[in-house]
Amino acid sequence: IISKKEKGEAVRRANALERNDIASLRIASRREYLKKREQQKLEELKDEIADEEYLFGSEKLTDIENNEFRYKKELYDLVIKRTHEDANADEYIMPDAYDHDGGVDQEKRFSVAVHSKKGMDATQKMNPFAEQEAWEDHQIGKATLNFGAKNKEATDNYQFVFEDQIDFIKASVLAGENYEDEMLPVTGQSFSGKSSFEMLQDVRKTLPIYSYRDQLLKAIEDHQVLVIVGDTGSGKTTQIPQYLHEAGYTKHGKVGCTQPRRIAAMSVAARVAHEMGVKLGHDVGYSVRFEDCTSEKTVLKYMTDGMLLRELLGEPDLASYSVIIVDEAHERTLSTDILFGLVKDMARLRPDLKLLISSATMDAEKFSNYFDAAPIFIFPGRRFPVDVSFVAAPEADYLDAAIVTVLQIHVNEPLGDILVFLPGQEEIENVEETLKNKIRGFGTKIRELIICPIYANLPSEIQAKVFEPTPEGARKVVLATNIAETSLTIDGIKYVVDPGFCKIKSYNPRNGMESLLVTPISKASAMQRSGRAGRTSPGKCFRLYTAYNFENDMEDNTVPEIQRTNLASVVLALKSLGIDDLLNFDFMDPPPAEALVKALELLFALGALNKLGKLTKVGRKMAEFPLDPMLSKMIVASEKYMCSDEIISIAAMLSVGSYIFYRPKDKQVHADNARLNFHTGNVGDHIALLKVYNSWKETDYSTQWCYENYIQVRSMKRARDIRDQLEGLLERVEIKVSTNFHNLDLVRKSIVAGFFLHTAKLQKDGSYRTAKHPLTVHIYPSSGLSQVVPRWVVYHELVLTSKEYMRQVTELTPNWLVEIAPHYYQLKD
Ligand code: ADP
Ligand code: MG
């Protein structure tokens, strides 16, 4: 049996071989031409070396220039040597030479038709064989290089020859209004002589939105509700709240601006505080789940859409706000969609409240129609043309393809930063590690490549790194989740690598199963992604899928979250806002009725709603916790079992996700042993998490202890933060903090009280079957119980990878089900 990955590899290699064969047929006829071209290149290189030789080693050249020179000379010597020694020398293609842009001459083995110089595009378009030729060029280059690599010495020197190369076919140029001659001052460097604060003010004025400042303020003054549309990076998020502040809107209330992602809220708030020259958390602040960085003084408040929803629970008329901006409306997250309905209502109630709906996409009609024909304010962005290319043949492993593409760009393309879109943290960490290893392998032969990951769980110090200007002569590669699609703008990006996937939550209302799936993106997303390459100069986008895939397999738009998610927590929030008639709630796109009913059923089963669908006392307590209703129920139930102290630790650890244990590739055995220590006695994964937390606490939250036990310090710190807040919330709902570490069954019973819908029973074949909706599932391999296989288990979540897995599993006594959820489970015989 070979794995899916191996099979993919094999297919890919076979394809490559096939392509190489065709290419070699054409080599003969092209040999003459290549020989001449190489001769010419060699002459040029010789001249360049002669020109620069007297400078070499002197201080007139920077380190990078000196390295470049050394490299050129090595190349030259190598080629000359081989021309003399090798009988087949005329078949060699000289390795890359640097071009004037500081990059490397692309023509030889990179088949992406590169025509950065003006005028070439037209020729390219007129020649119907251009694509074919570019491809052939590439093939020939590749075949020849492979041949050359047989020579041992050559292998050592030809470090740039990758094992695999990816063929791209240029498809189109995204329209752009600006061209090379209008380069923008984006960093402070061009404003020398001014203070950094003054420079920032100047930078603000270069943003596209700046020219529309007064018109925009006038429109806001004239209309209560306004839909605003402008390209990503044009300054909507950072500037509009500042304009409102400058215009006096903050004199009688806050300006609140919602973001779909916590990391966007945090980083944008930091940026705006910086632009205004104030301390973050004072005049400008942010509020995200489990973290409130605001004060009495805060007038500009960035927050996640989910947090505004929660604020509504405490302040139903949003009296402390004078303006609400629902930003990134095009993302259509669940919370944004719900907010639409609530703020629309609010605007009618409070004529003094200004409501701005801001979006990066053009389909604003829908927003306008929904908000009673609100006017739309559209302002043009600044876009440079972007060359878009697709892979010539499908890639079996998109992560591998992304890595190869980044290296191809790094070696072959002029300087400029690269943005790679990856589905999630795990993929980003993988790619980061592999890239680092490869770069180490290249040594000093290539320029510096700075790798900057960015995803939600990353601590903010590291997040800030992506915004730091790239040092001269180096290149930055940003590995980002969807967050960089529209929420965050990173300056200096010239190349986008788009594997075409994102992680998306999907929910099956029939069996109540929710899973995070790596899914193909929509065409609209693909367009947004490629647009990121052309913000400050013309750019290129490399799509790791074929043009055929794009045309035929991708949806036009991403389905709004409300139509593909578990609605339980939202229904609970709406119920506690007093909104009972959910079927008639004013949704922009209503969720499937089935999903609504399912959510009501779940809340009823958990005891949050009574038979009439009204919120119960338990439900009211549950609604206070910004958690999934099952987790909230687990916490509320811990009062009865006298173990709330343990349960909030577990809830906090579960909320951090699966990134507690650290498993470096070279120390997997050590790491696994360390992890198994916490599982002694087959206590189950929940209790193991509790043990991790408590042990860490006993060492007074020691970082050293984390290192020794292969545990991620950052995740632990986050768990501690979350736990502190849960403790505060316990007080608010008047649950006493009580501890019961010696009777772990009580802790387990609390877990079951929240998760009795997530139970599974062992089958004869060693798999498990979920209790209510028969589904075959397995214990996640890294679970402490994966070798123990208890008869009954309760699990935290299902994840779908190669199989359907239960993650975070604890053993269960079936009697407990009857005791804890008699309305759900009865004894059979
Ligand atoms: P929009 O909301 O229209 O997409 P933004 O207001 O987010 O645009 O961004 C405007 C500019 O502010 C961008 O050019 C970006 O480079 C800059 N910017 C935004 N956030 C940050 C940050 N955290 N650090 C540095 N620059 C930032
Ligand atoms: Mg924005």
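Residues numbered from 1 in each chain as written. Chains lettered and ligands numbered in written order. Predicted model: local features only at pLDDT ≥ 70, side-chain atom pairs only at ≥ 80, totals over all residues. Heavy atoms only, no water.

Before going further, it helps to spend a moment on a negative patch on the surface. A cluster of acidic residues, Glu43, Glu44, Asp47 and Asp51, forms a negative patch at the surface. Here Glu43 shows up in helix α1 (residues 4–52). Accessibility expressed as a relative area gives 41% for Glu43, which makes it partly exposed. (Patch = residues over 30% accessible without salt bridge, like charges linked within 9 Å, V, L, I, M, F, W, Y side chains within 5 Å. Areas by Shrake-Rupley, 256 points an atom, 1.4 Å probe, with all protein chains shown as cover. Salt bridge = Lys/Arg side-chain N within 4 Å of Asp/Glu carboxyl O. Lys, Arg positive; Asp, Glu negative; His and termini not counted. Charge placed at Lys NZ, Arg CZ, Asp CG, Glu CD. Helix = DSSP H or I, 4+ residues; strand = E, 2+ residues; numbered from the N terminus. Buried < 20%, exposed > 50% of the residue type's maximum accessible area, 1.4 Å probe, protein only.)

Below, the discussion takes up the pairing of strand β21 (residues 792–800). Of all the nine residues making up β21, seven are buried; the element is thus mostly covered by neighbouring parts of the structure. In the sheet, strand β18 (residues 759–762) pairs with β21 via three bridges, with the strands oriented antiparallel. Paired with Lys761 across the strands is Trp792, a residue of β21. In this structure, β21 lies alongside strand β22 (residues 804–811), joined through seven bridges in antiparallel fashion. From the neighbouring strand, Leu798 faces β22, where its bridge partner is Met806. Counting the residues between successive antiparallel strands, the hairpin from β21 to β22 contains three residues. (Pairing = 2+ DSSP bridges.)

Right, let's talk about the site of ligand 1 for a bit. Around ligand 1, a shell composed of 15 residues is seen, among which Gly233, Lys236, Thr237, Thr238 and Asp491 lie nearest. Taking Ser234, its main chain carries an N or O atom lying 3.2 Å from an oxygen atom of ligand 1. Between an oxygen atom of ligand 1 and a main-chain N or O atom of Gly235, the distance comes to 3.0 Å. In the complex, 93% of the free accessible area of ligand 1, which totals 560 Å², lies under the protein chains. (Near = heavy atom within 4 Å. Polar contact = N/O pair within 3.5 Å; in protein donor to acceptor, adjacent residues only side chain to side chain.)

A few words now on the environment of Ala273. Locating Ala273 in the fold gives a position in helix α9 (residues 262–276). For Ala273, a relative accessible area of 2% puts it in the buried group. Distance in space between the C-alpha atoms of Ala273 and Gln242 is 9.9 Å, their sequence separation being 31 residues. Setting aside anything within four residues of it in sequence, one finds Ala273 in contact with Val278, Lys279, Leu280 and Val284. (Contact = heavy atoms within 4.5 Å.)

Moving on: the sheet that holds strand β7 (residues 321–326). On the basis of which strands lie adjacent, the open sheet formed by eight strands has the order β5-β4-β6-β3-β7-β8-β2-β9 and mixed pairing. At either margin of the open sheet sits one strand with a lone partner, and together these are β5 (291–293) and β9 (376–378). Pairwise comparison of adjacent strand axes, ignoring direction, gives a mean angle of 20 degrees for this sheet. As paired elements, strand β2 (residues 225–229) and strand β8 (residues 354–359) share five bridges and run parallel to each other. (Axes fitted to C-alpha atoms, helices over the stretch in contact; angles between N-to-C directions.)

A word on the confidence of the model for the protein chain. Per-residue pLDDT for the protein chain averages 81, and the proportion of residues at 70 or more is 80%. When mean pLDDT is taken per element in the protein chain, β7 scores highest with 98 and helix α3 (residues 120–126) scores lowest with 35. pLDDT under 50 marks residues 16–34. Its contacts with residues more than four places away, or in other chains, come to 20 contacts. Contacts from residues 86–161, a stretch scored under 50 in pLDDT, to residues over four places away or in other chains number 158 contacts. Scored as a complex, the prediction yields pTM 0.74 and ipTM 0.98. (pLDDT = per-residue confidence, 0-100.)

Take the pairing of strand β12 (residues 449–454) next. Counted residue by residue, β12 has six buried out of six residues, so it is predominantly covered. Residues Leu449, Ile451 and Pro453 of β12 are buried on one face, and the alternating residues Ile450, Cys452 and Ile454, pointing to the opposite face, are buried as well. Bridge count for β12 against strand β13 (residues 475–480) is six bridges, and the pairing is parallel. Residue pairing in the sheet places Ile451 in a bridge with Val477 of β13.

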